Amino acid sequence: MPVFYLLHIDSFGNNINCKMIKKDWYMKIYEQTELDFKDVLVKPKRSFINSRSEVEITREYKFKWCPRKIIGTGIISANMATVGTFEVAKHMMQNKMFCCLHKHYATDDLIKFITENDCRDYVFLSMGLRDEDYAKIEKILTEYPDKCRNICIDVPNAYIPRVKELVIKMREKFPDILLMVGNAVTAELVEDLILSGADIVKCGIGSGSACITRRITGVGRPQLSTIFECADTAHGIGGMICSDGGVVYIGDICKAFGAGADFVMMGGFYAGCPEAAGDIIEKRFITDQIDEQTGERIVETKRFKVFYGMSSEYAQNKHYHGMPKYRASEGRVVQVPLKDSIDKMNQDILGGLRSYMTYIGARRLKDVSKCTTFY
Ligand code: 5GP
């Protein structure tokens, strides 16, 4: 049998140990266990909190570069066309939660919104790498300096060099902005982006509910492990992370904060709310039950909303001029069941979070990660 070497590689890609093994295969595999939200539960702990009304579900955010402080609960609606909207933003702000507006609003519409609403703290304006995006954001930051200075540079793959270049450029040109950038899933990029000028790194690849990157490219990382590694790195150098994607239940939000996320971004979770953009579709299903009067099978009506990934062919056709030949669709269109209102969903999130904090003995949102132990 041939002799092979098993490389132990740390999170920066350095070979820290080289073990000789006998195997009939050779591959470069990280040996550590990688976890997702569904793989863990949280240990309840003795607590001095008697009621969930006693916990503080907001925290004061202080950033590495941006001199502003913001008090909020770090829940963010994703900058997707259906949930990163003005309508959703208004509801999020009411709870001191955040909304990352999608990239496809016209400059004038953005200006109208930020001048008519108090968007200073709770709204992010999104940009990609396109010159038009830069021109739009530059105009708003320059001509309306006291309105909205939270910017999100959003590129599915932040590992490409142009992302870091843009972070450096934005920080040089607008030193006081709150700058979030993504997406990353490993320590080395988180560190690089923060040291280049990002306050928050958006973390998650392949975990989104409307995302098919893992199927199309094989690339991705389980979300909980992403948070562990990226938060640890970011916090060590004064930065923060936003966990992006994969939240199915309110408990996943708790786990994300517990693992170290400072912010938690969600798309699919809000997509079924009536306030999210998108038509409502009614579908009829024939059930097994018989109507006693007519003797016929009962037909049940269910209502859905259309939700689509921003890298899907559907999105490319809707917001750009179709899918370029060099790209493959990395998103899908899904129909999500119509849910409660955003206000009700947010109330449920805050209720879940309060209960979680009571279970683990965390009096303040800021203490959640140090009070969390996972099974
Ligand atoms: P969700 O909360 O729906 O699980 O995840 C939301 C996140 O999915 C977004 O913030 C974004 O990072 C990611 N996402 C949105 N659309 C797409 C897409 O078309 N492809 C991929 N790969 N990710 C997407």
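Residues numbered from 1 in each chain as written. Predicted model: local features only at pLDDT ≥ 70, side-chain atom pairs only at ≥ 80, totals over all residues. Heavy atoms only, no water.

Moving on, we get to the overall build of the chain. Of the regular secondary structure elements, the chain holds twelve helices and 15 strands. Relative to a compact globule of 375 residues, whose C-alpha radius of gyration would be 21 Å, the chain shows 22 Å and is just as compact. Overall, the chain is about 75 × 60 × 60 Å in size when its C-alpha atoms are taken along their principal axes. For the chain, the proportion of its 375 residues judged to be buried stands at 49%. Sequence-distant contacts, at least 24 apart, represent 63% of the contacts inside the chain between residues at least 6 apart. Of the roughly 18600 Å² of accessible surface on the chain, a fraction of 51% belongs to carbon and sulfur atoms. Charge-centre separation for the chain: the mean point of 51 positive side chains lies 3 Å from the mean point of 48 negative side chains. (Helix = DSSP H or I, 4+ residues; strand = E, 2+ residues; numbered from the N terminus. Rg over C-alpha atoms; globule rule 2.2 N^0.38 Å. Buried < 20%, exposed > 50% of the residue type's maximum accessible area, 1.4 Å probe, protein only. Contact = heavy atoms within 4.5 Å. Areas by Shrake-Rupley, 256 points an atom, 1.4 Å probe, with all protein chains shown as cover. Lys, Arg positive; Asp, Glu negative; His and termini not counted. Charge placed at Lys NZ, Arg CZ, Asp CG, Glu CD.)

Here the structure, examined in full by the defined rule, presents 23 salt bridges. Of the charged contacts, one joins Asp367 and Arg364 as a salt bridge, the two residues approaching to 2.9 Å between their closest N and O atoms. Residue classification places Arg364 among the partly exposed positions, given a relative accessible area of 43%. Via salt bridges that share partners, Glu34, Arg221 and Glu229 belong to a single interconnected network. (Salt bridge = Lys/Arg side-chain N within 4 Å of Asp/Glu carboxyl O.)

In the region of the ligand, 23 residues are neighbours, and Ser209, Thr213, Asp244, Gly267 and Ser311 sit closest. Gly268 is positioned with one of its backbone polar atoms (N or O) 2.8 Å from an oxygen atom of the ligand. In the model, a nitrogen atom of the ligand is placed 2.7 Å from a nitrogen or oxygen of the Glu330 main chain. When the free accessible area of the ligand is taken as 520 Å², the share hidden by the protein chains comes to 91%. Split into classes, the residues belonging to the shell around the ligand amount to eight nonpolar, 13 polar and two charged. (Near = heavy atom within 4 Å. Polar contact = N/O pair within 3.5 Å; in protein donor to acceptor, adjacent residues only side chain to side chain. Nonpolar A, V, L, I, M, F, W, Y, C, P; charged D, E, K, R; others polar.)

Here we come to the state of the cysteines. If you walk through the whole model with that rule in mind, you get zero disulfides. Free of any disulfide, Cys66 has its nearest neighbouring cysteine sulfur in Cys148, separated by 11 Å. Distance from the sulfur of Cys203, which forms no disulfide, to the nearest cysteine sulfur (Cys230) is 3.8 Å. (Disulfide = S-S within 2.5 Å.)

The next subject is the pairing of strand S10 (residues 200-203). Residues Ile200 and Lys202 line one face of S10 and the alternating positions Val201 and Cys203 line the opposite face, and both faces are buried. Of the strand pairs in this sheet, S10 and strand S11 (residues 240-244) are connected by four bridges, and their pairing is parallel. From the neighbouring strand, Ile200 faces S11, where its bridge partner is Met240. (Pairing = 2+ DSSP bridges.)

Here we take up helix H4 (residues 161-173). What sets the pattern is the α-helix's 3.6 residues per turn: residues three or four places apart point alike. Taking 1.5 Å of rise per residue, the 13 residues of H4 would be expected to cover 18 Å, and the 19 Å separating its terminal C-alpha atoms lies within 8% of that figure. Those residues of H4 not exposed but buried are Val163, Leu166, Val167, Met170 and Arg171. Down the axis of H4, the buried side of the element spans an arc of 130°, and every buried residue falls inside it. The exposed set on the far side of H4, more than 90 degrees from its buried face, consists of Pro161 and Glu172. Looking at the packing, one finds that the buried side of H4 touches strand S7 (123-127), helix H3 (131-143), strand S8 (150-154), strand S9 (178-184) and helix H5 (187-196). (Expected span 1.5 Å × (residues − 1). Arc of directions from axis to C-beta.)

Moving on to the sheet that holds strand S6 (residues 98-100). Taken together, the eight strands give a closed barrel; going around it, the order is S5-S6-S7-S8-S9-S10-S11-S12, and neighbouring strands pair in parallel fashion. For this sheet, the mean inter-axis angle between neighbouring strands, taken without regard to orientation, is 25°. Running at roughly 145° to S7, H3 makes contact with S7 and S8 of the sheet. Against the sheet, helix H7 (residues 223-236) contacts S9, S10 and S11, and its axis sits at roughly 165° relative to S11. (Axes fitted to C-alpha atoms, helices over the stretch in contact; angles between N-to-C directions.)

Time to look at the packing of H5 against H7. Orientation of H5 relative to H7, taken along the N-to-C sense of each, is 35°, at an axis distance of 9 Å. Every pair of crossing elements has a handedness; the one defined by H5 and H7 is right-handed. Counting all contacts with H5, which are made through Ala187, Val190, Glu191 and Ile194, the residues of H7 involved are Glu229, Cys230, Thr233 and Ala234. When grouped by side-chain class, the residues that make up the contact of H5 with H7 number five nonpolar, one polar and two charged. (Left-handed = near helix turned anticlockwise from the far one by under 90°.)

The biggest cluster of nonpolar side chains holds 104 residues, and the ones touching the most others in it are Leu101, Leu125, Met170 and Tyr270. Broken down by element, the residue count for this core peaks at eight residues, all from helix H11 (residues 342-360). (Core = buried A, V, L, I, M, F, W, Y, C linked by side-chain atoms within 4.5 Å.)

Looking now at the side chain of Glu229. Turning to its location among the elements, Glu229 is positioned in helix H7. In terms of polar contacts, Glu229 uses its side chain to reach the side chain of Arg221, at 3.1 Å.

Right, let's talk about helix H1 (residues 86-94) for a bit. Burial in H1 covers these residues: Phe86, Val88, Ala89, His91, Met92 and Met93. Where H1 is buried, its residues meet strand S5 (75-77), S6, helix H2 (107-116), S7, helix H9 (268-271) and H11. Where H1 terminates, the next one or two residues include Lys96, which has phi positive at roughly 55°.

Moving on, we get to the sheet that holds strand S13 (residues 280-290). Here three strands make up an open sheet; going across it, the order is S13-S14-S15 and the pairing antiparallel. Edge positions in the sheet fall to S13 and strand S15 (333-337), since each of these pairs with one other strand and no more. For this sheet, the mean angle separating the axes of adjacent strands, direction not counted, is 40°. Strand direction decides the pairing type here: strand S14 (residues 297-308) and S15, joined by five bridges, are antiparallel. Residue pairing in the sheet places Lys305 in a bridge with Val336 of S15.

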